[in-house]
Amino acid sequence: PPASSPRNIKGAFTDALTQVDATHVIWPRNTEYEIFTTAKKSHTLGALLLVNHRGVIDLPALPVSKVAEWARREGALLDLEKHNWPWSLALVPLVKPDLFELANNHHWRTEYAARNWAEPAPAWMNLGTGGGTEREWTLYGFNTYYALLNSGFSLSPAAGTANGVHPVPLGFGRVYVHTGKQFDYDAWMKGLKVGRSFVTTGPMLLAGVNSVLPGSTFTGRAGKPQQLKIKATVLSEQPVHELELVVNGDVVKTLSLKPKRTAEGAWEAAIADDWTCVGSSWLALRCFEPREGDRFRFAHTAPWFVEVPGQPLRPKKQEVEWFIQSVRKELERSAPLLPPAAVQEYRQALAAYEALLPSSR
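These lines cover the structure that appears in this document, whether it is placed above or below. (Residues numbered from 1 in each chain as written. Predicted model: local features only at pLDDT ≥ 70, side-chain atom pairs only at ≥ 80, totals over all residues. Heavy atoms only, no water.)

**Some points on the overall build of the protein**
Put simply, the rule is: Put simply, DSSP H or I for four residues or longer makes a helix, DSSP E for two residues or longer makes a strand, and each gets a number counted from the N terminus. Here the radius of gyration uses the C-alpha set of atoms, whereas the globule reference equals 2.2 Å times the residue count to the power 0.38. Under the scheme applied here, a residue whose accessible area is under 20% of the maximum for its type counts as buried, over 50% as exposed, and between as partly exposed, the area being computed with a 1.4 Å probe on protein chains only. Note on definitions: a residue-residue contact is assigned when non-hydrogen atoms from the two residues lie within 4.5 Å. Surface exposure here means Shrake-Rupley accessible area, sampled with a 1.4 Å probe, where a residue is shielded only by the protein chains that are shown. Counted as positive: Lys and Arg. Counted as negative: Asp and Glu, with His and the chain ends omitted from the count. By convention, the charge on Lys lies at NZ, on Arg at CZ, on Asp at CG and on Glu at CD.
Scanning the protein for helices and strands turns up six helices and 19 strands. For 361 residues, the compact-globule estimate of 2.2 N^0.38 gives 21 Å, and the protein sits close to it at 20 Å. Burial analysis of the protein (361 residues in total) assigns 50% to the buried set. For the protein, the share of sequence-separated contacts (at least 6 apart) that also reach a separation of at least 24 residues comes to 63%. In the structure as shown, the protein presents an accessible area of about 17300 Å², 52% of it carried by carbon and sulfur atoms. When the 39 basic and 35 acidic side-chain charges of the protein are each reduced to a single mean position, those positions are 3 Å apart.

Structure representation (structure tokens):
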């Protein structure tokens with residue numbers, strides 16, 4: 001349990017906001033479970049973050065559903081951390097994470113080095129192991145996120161650097177949340193949960209669909225196209241020439257940008273475009289800022305949703321099959337070392353994914 005772990009950070013961390021100034025604050029109670037030892041053997045499970053809890057947690061990592069129940073009672077958000085830990089996909093139907101780190105701590109400003117790490121990408125992503133290059137690692141995370149959204153798991157994007165552990169400057173990978181005209185911590189946390197946000201390792205991506213922020217939901221009608229008006233502005237250190245529209249996990253449109261120098265020396269490009277959705281869908285915007293040596297920075301909005309009552313978005317068959325195969329593999333690998341309650345949790349996760357298969361497309 002974190003409260004008694006020798007790895008816990010020592011100090012008096014109260015359940016009160018530390019106010020640095022009008023726009024800089026720290027919430028001091030947050031917990032990471034990062035499991036590399038199971039049943040006293042070297043056996044990695046993965047990580048799960050509890051963000052913004054009030055009390056001091058004194059529960060072991062397993063069964064993880066008990067940790068999630070405690071976190072919800074304490075007002076915490078659950079962050080899946082990285083997408084390819086051995087237990088990550090099994091966690092999703094079990095704890096219903098709020099957050100998915102699209103800009104995670106393997107995105108480095110220095111040379112990318114976290115290659116061939118943990119669980120490889122499935123063959124249908126066409127990304128090799130998913131960790132061979134910086135671009136493959138980034139797209140592996142994106143595609144995993146899209147597959148979860150397609151399957152009805154509404155996670156909002158988040159970011160993190162592991163500054164002090166990884167060679168990443170504090171704030172390199174970050175999430176911006178819209179709070180209105182003034183900063184307010186509670187509004188920021190609420191906005192983070194519902195996805196009034198974008199993540200970035202460089203460019204600023206300010207966007208609206210039908211004049212509303214990411215995280216919004218439009219109610220559609222069966223058989224009637226939903227007309228959507230997209231407006232976006234990209235600001236960056238280096239010129240960004242393309243903005244990609246992602247719908248239900250596919251890049252359906254690449255919008256050409258014409259960046260211009262600002263008085264401050266940055267590059268700015270604004271665009272307006274239309275898209276028509278038919279049926280329940282989600283959409284998001286992303287861009288890549290080219291850098292020397294085939295490097296890049298990226299930005300990605302949270303999704304907007306179109307929901308047709310009684311006609312939910314159908315998941316993609318290859319994605320659901322991947323979820324099922326991944327959980328079966330992890331169940332077989334870890335069951336000999338897990339307590340019975342944790343084994344049962346894996347079986348519950350497997351059953352949740354199997355239940356999606358009949359409606360898949």
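**Examining the environment of Val64**
Mapped onto the secondary structure, Val64 falls in helix H1 (residues 64–73). Classification of Val64 as buried rests on a relative accessible area of 3%. Between the alpha carbons of Val64 and Ile35 there is a distance of 12 Å; along the sequence they are 29 residues apart. Once residues within four sequence positions are removed from consideration, Val64 is found in contact with Leu48, Leu91, Leu94, Val95 and Glu345.

**Overview of the packing of aromatic side chains**
Which entries qualify depends on this criterion: For Phe, Tyr and Trp, where Trp contributes only its six-membered ring, two rings pair if their centres lie within 6.5 Å, and the inter-plane angle classes them as stacked under 30 degrees, edge-to-face over 60, or tilted in between. Cation placement over rings: the criterion is NZ of Lys or CZ of Arg within 6 Å of the ring centroid and within 35° of the ring normal.
For the coordinates displayed, the defined rule picks out 17 aromatic pairs. On the basis of an interplanar angle of 85 degrees and a centroid distance of 6.2 Å, the ring pair of Trp117 and Trp137 is categorised as edge-to-face. With a gap of 20 residues between them, Trp117 in the loop between strand E6 (99–103) and helix H3 (134–150) and Trp137 in helix H3 connect regions that are remote in the sequence. An aromatic cluster is built from Phe100, Phe142, Tyr145, Tyr146, Trp282, Phe288, Phe296 and Phe298, whose rings are joined through pairwise contacts. A cation over a ring is seen here: Arg135 above Phe288, with NZ or CZ 5.3 Å from the ring centre. The ring of Phe296 carries the charged tip of Arg135 above its face, separated from the ring centre by 4.5 Å.

**Observations concerning the sheet that holds strand E12 (residues 226–236)**
Rule in force here: Paired strands are those between which DSSP finds at least two bridges.
Taken together, the four strands give an open sheet; going across it, the order is E10-E12-E16-E15, and neighbouring strands pair in antiparallel fashion. At either end of the open sheet lies a strand with only one pairing partner, and these are strand E10 (204–209) and strand E15 (260–261). Summarising the sheet, E10 and E12 pair through six bridges and their orientation is antiparallel. Paired with Leu206 across the bridge in E12 is Thr233.

**Some details on unusual backbone geometry**
A cis amide bond links Leu62 to the next residue, Pro63, at an omega of 0 degrees. Mapped onto the secondary structure, Pro63 falls in the loop between strand E4 (41–51) and H1. The backbone phi angle of Asn52 is positive, close to 80 degrees, even though this residue is not glycine. Locating Asn52 in the fold gives a position in the loop between E4 and H1. Look at Asn116: it is not a glycine, yet its phi comes out positive at around 50 degrees.

**As for the side chain of Asp79**
The following threshold applies: Salt-bridge detection follows one rule: a side-chain nitrogen of Lys or Arg within 4 Å of a carboxyl oxygen of Asp or Glu. Definition of a polar contact: a pair of N or O atoms within 3.5 Å, with one able to donate and the other able to accept a hydrogen when the atoms are protein atoms, and with sequence-neighbouring residues admitted only if both atoms are side-chain atoms.
Take Asp79: it is sitting in strand E5 (residues 77–79). No salt bridge is formed by the buried Asp79. Its closest oppositely charged neighbour is Lys82, at 9.6 Å. At a separation of 2.8 Å, a polar atom in the side chain of Asp79 contacts the main-chain amide nitrogen of Glu81.

**Describing H1**
At 3.6 residues per turn, the α-helix brings residues three or four places apart onto the same side. Of all the residues in H1, the buried ones are Val64, Ser65, Val67, Ala68, Trp70 and Ala71. Downstream of H1 by one or two residues, Gly75 has phi in the positive range, about 80 degrees.

**A short note on the nonpolar core**
Cut-off, in case you're wondering: Residues belong to one nonpolar core when they are buried, are Ala, Val, Leu, Ile, Met, Phe, Trp, Tyr or Cys, and are joined through side-chain atoms within 4.5 Å.
The biggest cluster of nonpolar side chains holds 76 residues, and the ones touching the most others in it are Leu50, Trp87, Leu148, Tyr346 and Tyr353. Element by element, the count of residues in this core is highest for H3, at nine residues. Excluding anything up to four places from it in sequence, Trp87 contacts Ile35, Leu45, Gly46, Ala47, Leu48, Leu62, Glu330 and Tyr346. The next biggest cluster of nonpolar side chains, apart from the first, holds 24 residues, and it includes Phe198, Val209, Ala232 and Leu257.

**Notes on the environment of Thr254**
Looking at the secondary structure, you find Thr254 in strand E14 (residues 250–256). Residues Thr254 and Gly160, 94 residues apart in the sequence, show an inter-C-alpha distance of 28 Å. Leaving out residues up to four positions away in the same chain, Thr254 has contacts with Glu242, Leu243 and Glu244.

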